[in-house]
Amino acid sequence: MRRITAVFAATALVLGLAACGSDSDESSAASPDSPLKVGVSPVPHGEILTYIKDNLAEQAGLSLEIVEFTDYVQPNRALEEKQLDANYFQTVPYLETEKQAKGYQFTALSPVHIEPLGLYSKKFETVAELPERAVVAIPNDPTNSGRALNLLAQHGIITLNEGAGTSATQRDIAQNPKQLQFRELEAAQLPRSLDDTDASVINGNYAIESGLKPSTDSLALEKPENNPNANLVVVRDGDQDAPRVVKLEELLHSAEVKKFIEDKYQGSVLPAF
């Protein structure tokens, strides 16, 4: 029931039914008298913020309202429309793609955690077992599809053209020895695709939410070293110095939160601070 209520709340926000309407010119992030409203993916972002709300926020004088979203599109739209004060679900490369495509005037704050992207399968236990012309699903948004192709390249499954970088597309595949057949799907759909594919590259939050443990269940896992894809809080330009935002950032980067991430996720989510 909690999850249904949260999803309904997120939908209501996008439809403009929330009390904080988009026609307000004054940023609510600076208001000290109301909860800081933060849009999140349920896992692990919502769990991390819930830990802060239940254990750290009151003593720090911070009131939080956590709003869950089940995709990667609505949280930025709701932030732009001032139905949220901040969101916590995305990486800097994804944010930059969104800003270029939609003109968002947002500021990314400090990295909080990394959710390693992983290759999963219900049919095979190792990368070597993938057959010729295996069907592999990858995310369909430009940022995460590039991450997926780089993951496969890191593990020798394909090779990419020199200089393809994090924005690689299927056109940048230089060698595909097994002639893998790629299927692009919305990131949230990838866990369910495992019944219909030979393997799927799944974002860490959706993997954990579906009961997968990246550190042990993946055939291949993104490396945390020098990884640009840390998740972080994003606010509208100008709100980064609002006292309540600064306070949230302090709590998110506290020793208590670092220990919570390490203890709860056991390597499936990694602190980035």
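Residues numbered from 1 in each chain as written. Predicted model: local features only at pLDDT ≥ 70, side-chain atom pairs only at ≥ 80, totals over all residues. Heavy atoms only, no water.

Peer 1: Quick question: what am I supposed to make of the nonpolar core here?
Peer 2: Most often, soluble globular proteins have nonpolar side chains that are buried together. Of all hydrophobic cores here, the largest spans 30 residues; its most connected members are V38, I52, Y88, L248 and L252. Sort the elements by how many residues they give to this core and helix α2 (residues 42-55) lands first, with 5 residues. Setting aside its immediate chain neighbours within four residues, V38 contacts L49, L64, E65, I66, V67, L84, A86, N87, Y88 and L248. If you look at the next biggest cluster of nonpolar residues, it comprises 24 residues, including L119, V127, V136 and I157. (Core = buried A, V, L, I, M, F, W, Y, C linked by side-chain atoms within 4.5 Å. Buried < 20%, exposed > 50% of the residue type's maximum accessible area, 1.4 Å probe, protein only. Helix = DSSP H or I, 4+ residues; strand = E, 2+ residues; numbered from the N terminus. Contact = heavy atoms within 4.5 Å.)

Peer 1: Looking at this structure, how should I read unusual backbone geometry?
Peer 2: If a residue is not glycine, its phi is most likely negative; likewise, a peptide bond is most likely trans. Geometrically, the link from V43 to P44 is a cis peptide bond, its omega value of -5° lying close to zero. Among the secondary structure elements, P44 is positioned in helix α2. In this structure, Q179 takes a positive phi of about 50° despite not being glycine. Topologically, Q179 is positioned in the loop between β8 (173-175) and β9 (181-185).

Peer 1: I keep staring at the environment of R77 and nothing clicks. Help me out?
Peer 2: As for its placement among the helices and strands, R77 is situated in helix α4 (residues 74-80). Residues R77 and Y104, spaced 27 residues apart in sequence, show a C-alpha to C-alpha distance of 8.7 Å.

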